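Listed here are the chains, written in short residue letters.
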Amino acid sequence: MNKKPGFAARGAKKRNLQKQDLMEAVTVGGVFSIVLLFVWAVGTRSDFFYYGEEGVTVGRTVELFQETYTKESFFLAFLGIWAAGSLIWGLLLNMNETWKKVNFRFRYGIVLILLAVCIVLELSGSSMSSWCNALGVSPQENGVLFRTANPYRSDEFAVNTLFAVAQAKNPGGAYPYFSEIVRGTATDMYIVYGQPVRSFGIIFRPFQIGYLLFGTAKGLAFFWCGRLLFLFMASFEFGRIFLEKKKLAVIYALMLTLSPVIQWWFAINGLVEMFIFGQLCAMMLWKYMNEKKLWKKIAESFVFFWSGAVYILVFYPAWQVALGYVFLGIFIWVILENRTKRPWKLKEDLPVILGTGAVILFLMLILLFRSWDTIQTTLNTVYPGQRVSTDKLQLQDLFGGLYNIYLALSDSHLLHEWGFVDFFPLGILMAVYVLIKNKKKDSLLIILLILQGLLLIIYTLPVPEILTKVTLLSMSTPNRALIAIQFLNILLLLRSCIWLHIQGKAYKVIVGGLVCAVGVTWIFAANIDDIPLSFFMMVGMALLFFTVSVLVWRAHRSERILRWMCLLVLTIGLIGGGLVNPVQKGLDFIEKSVLLDEIESVVAEDPDGKWIVEGMQYPNTNLTLLAGASTINSTNVYPAMERWNQLDPSGKYEDVYNRYAHILINLQEGETEFSLLYPDSFQVSVNTEDMKTLNVSYILSQNELEQYSDICAEIEKVKTIEAGQMFIYKVSYR
């Protein structure tokens, strides 16, 4: 009897390196060396945006390298990375099939090891170090390993992550469902901002579990790195289904995970969860329709409904509705693609689907019932509940995907919406070519094109209001729906790569790609105002579009082309997405703040005392939460209507305070007044009589307030904190 070959024998077959492979490895090493040196140069700057109003220019880039490296250090680093990159790429090309299969088979084990390392090292992409100045902590102790804190992500470091830290500081017990410190009154921490809570509902907030298991710093690492790794893996696994090739799946996963929009909105509004669990739903549906074992079908059905519940409970319809259409289209394709592969067994499938669905629905209803008042209050707010946008997407929005690669480099983030690098309209052109010219009747391409047409019509053309309401797309604004449109462009682009076959000579593709590249860049440049756009940036956009146009032409035939596409997408991701957030280690600097120590000492003596932060702008209005102080004008994620109605019994200012809001409070001697500053911010000017109505016990301020003592209240300075020149006042009412 023949012996089964051993592991070494089975793995002995290697792909012999050829001259082309060596040239490829050397080229990749050189390109990657320049990219990494550039990323490192930008990432080690203390200013977040290195490039100014002129945008990215050759001259400014040369200055960047000169300021970062000496000639000797540059060439040594370049040669070192070049050699290492070439060697690694060459080894990957020469890797035997057995090792490839082993790496693939144990991919989840590798991911879990990476996650464990990140948790132990307390690594995250949070910009919490932005608080160092306000907390009186030296910047040298901020724990930032790479890049600098993103000062424009205040909704991350001043709201979402800060709330998570504050949940552990709650005087009534850590991680409550209803916090007593946010808003200075009972506040639902689960449904709106999805904070870690000690409740069974945490199963629908799986990445918040780390806070409960590991504590604040390691919990933040789990939240950040876990979502990053699982987004990549969910995208890769989903890509394997609809793209059929692992390398295309890797390209797709990189395009999503390292995209500028995902990294910009990474920690808030649940965008990452929408993509993870939307794709997971599609995968479970695919597996269920191909499954024969009953216990596996039960598990897959349960995960399908659980993932759907996680998606729904994100509670951010501005993205959920438009993206929901995309995933609905994918579900339809999955059903059409698999409808004949396994016969439907009514007596088996119906109880499985109804049973697992009922369990998840029951749990959801409990949570929705508990948070119903919060949901109703939020939906009835002026902002964002009754937010209606009459704007439409413009040409620069649709054709500006390539510009997103520059958003982390030059200060244009407020003038151009963050999005995917989607190469619009290349995906649409390719899909139409495949369907008409190649005569490939691909149901997924057809469904995606129909959805793309619907969204483009709704958000670019004047349509009857009834149409947007019937489709629920009125709940999404054009700039939020743009994410769904760009996501569709990526799906169309990569799906078309499978079937695309352009007949004729290569020069036709080259000329066509060049015309499209110049056309797309010109349309974008001709329709934008007041954003940094240098000639160098336009050349870069055109060159990227042209390169991708040529690569996708050969992607279905050549493994080498797919490898080059991987490298290109990784390069785009490192610059466009990798430079958005810092690499943060731990949160030790919070414990080093003398200011927080002083506030905590007051809270320890009077845990029920109500605080206000006076005379300071957001985000400092949330600072006291880090010490567990019950703060009235911390960010009101939904309005405390009863409180503000006491100051405004006539309802004159209701449109001002009936909103999600950052609240600035100023002490004055006149009558209390409300004024709207921004859609998400208002100011209250209060007197001591109304402070009594608000039941204010303590004030944190940089101003001298003892002069406001009167017959109604005595304001006494009880602590002075030299760092930041802060004062803590105690208010006693006569």
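Further up the page is the structure itself.
Residues numbered from 1 in each chain as written. Predicted model: local features only at pLDDT ≥ 70, side-chain atom pairs only at ≥ 80, totals over all residues. Heavy atoms only, no water.

Now for the overall build of the chain. Across its full length, the chain holds 30 helices and 13 strands. For 734 residues, the compact-globule estimate of 2.2 N^0.38 gives 27 Å, and the chain sits close to it at 28 Å. Along the three orthogonal principal directions, the C-alpha set of the chain runs to about 95 × 75 × 65 Å. Taking the contacts inside the chain whose residues are at least 6 apart along the sequence as the reference set, 72% of them involve residues at least 24 apart. Looking at the chain as shown, the accessible area adds up to about 32400 Å², and 63% of this sits on carbon and sulfur atoms. If the 63 positive side-chain charges of the chain are averaged to one point and the 59 negative ones to another, these points end up 22 Å apart. (Helix = DSSP H or I, 4+ residues; strand = E, 2+ residues; numbered from the N terminus. Rg over C-alpha atoms; globule rule 2.2 N^0.38 Å. Contact = heavy atoms within 4.5 Å. Areas by Shrake-Rupley, 256 points an atom, 1.4 Å probe, with all protein chains shown as cover. Lys, Arg positive; Asp, Glu negative; His and termini not counted. Charge placed at Lys NZ, Arg CZ, Asp CG, Glu CD.)

What follows covers a positive patch on the surface. Taken together, Lys-437, Lys-439, Lys-505 and Lys-508 make up a surface patch of like positive charges. Relative to the helices and strands, Lys-508 resides in helix H23 (residues 506–526). (Patch = residues over 30% accessible without salt bridge, like charges linked within 9 Å, V, L, I, M, F, W, Y side chains within 5 Å. Salt bridge = Lys/Arg side-chain N within 4 Å of Asp/Glu carboxyl O.)

Here we take up unusual backbone geometry. Cis geometry is found at the peptide bond from Tyr-383 to Pro-384, where omega equals 5 degrees. Mapped onto the elements of the fold, Pro-384 is located in the loop between helix H17 (372–379) and helix H18 (395–398). With omega at 15 degrees, the peptide bond leading from Tyr-618 into Pro-619 counts as cis. Summarising the element assignment, Pro-619 is placed in the loop between strand E6 (610–614) and strand E7 (630–631). With a phi angle near 70 degrees, Arg-183 is a residue other than glycine that sits in the positive phi range. Within the secondary structure layout, Arg-183 lies in the loop between strand E3 (178–179) and strand E4 (187–188).

An ideal rise of 1.5 Å per residue puts 20 Å on 14 residues; helix H8 (residues 154–167) measures up with 18 Å between its terminal C-alpha atoms. Where burial is concerned, most of H8 is hidden: 14 out of the 14 residues are buried. (Expected span 1.5 Å × (residues − 1). Buried < 20%, exposed > 50% of the residue type's maximum accessible area, 1.4 Å probe, protein only.)

A full pass over the atoms with the stated rule returns 47 aromatic pairs. Following the ring pairs from residue to residue traces out a cluster consisting of Phe-38, Phe-65, Tyr-69, Phe-74, Phe-75, Phe-78 and Trp-82. The ring of Phe-266 has Arg-227 lying over it, and the distance from NZ or CZ to the ring centre is 4.8 Å. Stacked on the ring of Trp-499, the Lys or Arg Lys-440 has its end atom at 4.1 Å from the ring centre. (Phe/Tyr/Trp six-rings, centres within 6.5 Å; stacked < 30°, edge-to-face > 60°. Lys NZ or Arg CZ within 6 Å of the ring centre and 35° of its normal.)

Positionally, Gly-278 belongs in helix H13 (residues 271–288). Taking the C-alpha atoms as reference points, Gly-278 and Ile-312, 34 residues apart in sequence, are found 9.9 Å from one another. What Gly-278 contacts, discounting residues up to four positions off in sequence, is Glu-273, Tyr-311, Phe-327 and Phe-331.

Here the focus is a nonpolar patch on the surface. A grouping of Ile-113, Val-117, Val-120 and Leu-121 is seen on the molecular surface, where their side chains present a nonpolar patch of about 370 Å² in accessible area. Checked against the element boundaries, Leu-121 lands in helix H6 (residues 107–121). Residue Leu-121 is classed as partly exposed on the basis of its relative accessible area, which comes to 37%.

Its place among the elements puts Gln-208 in the loop between E4 and helix H9 (209–214). At 2.7 Å, the side chain of Gln-208 forms a polar contact with the backbone oxygen of Gly-194. For Gln-208, the contacting residues outside a window of four places in its chain are Gly-194, Gln-195, Pro-196, Ile-202 and Phe-223. (Polar contact = N/O pair within 3.5 Å; in protein donor to acceptor, adjacent residues only side chain to side chain.)

Turning to the state of the cysteines, a few remarks are in order. Here, disulfide denotes a covalent bond that connects the sulfur atoms of two cysteines. Applying the stated rule across the entire model yields zero disulfides. Free of any disulfide, Cys-497 has its nearest neighbouring cysteine sulfur in Cys-566, separated by 11 Å. Classification of Cys-497 by relative accessible area gives buried; the value is 1%. (Disulfide = S-S within 2.5 Å.)

Now for the environment of Lys-392. Mapped onto the fold, Lys-392 is located in the loop between H17 and H18. Spatially, the C-alpha atom of Lys-392 lies 36 Å from that of His-556, the residues being 164 residues apart in sequence.

Our focus in this paragraph is the packing of helix H15 (residues 317–338) against helix H20 (residues 443–460). One can describe the packing of H15 onto H20 by two numbers: an axis separation of 9 Å at closest approach and a directional angle of 160 degrees. Between H15 and H20, the crossing angle belongs to the class labelled roughly antiparallel. The way H15 lies across H20 gives a crossing that is right-handed. Residues Tyr-325, Val-326, Gly-329, Ile-332, Trp-333, Leu-336 and Glu-337 of H15 form the contact with H20, whose own contacting residues are Ser-443, Leu-444, Ile-447, Leu-451 and Leu-454. (Axes fitted to C-alpha atoms, helices over the stretch in contact; angles between N-to-C directions. Parallel < 35°, antiparallel > 145°, perpendicular 65-115°, else oblique. Left-handed = near helix turned anticlockwise from the far one by under 90°.)

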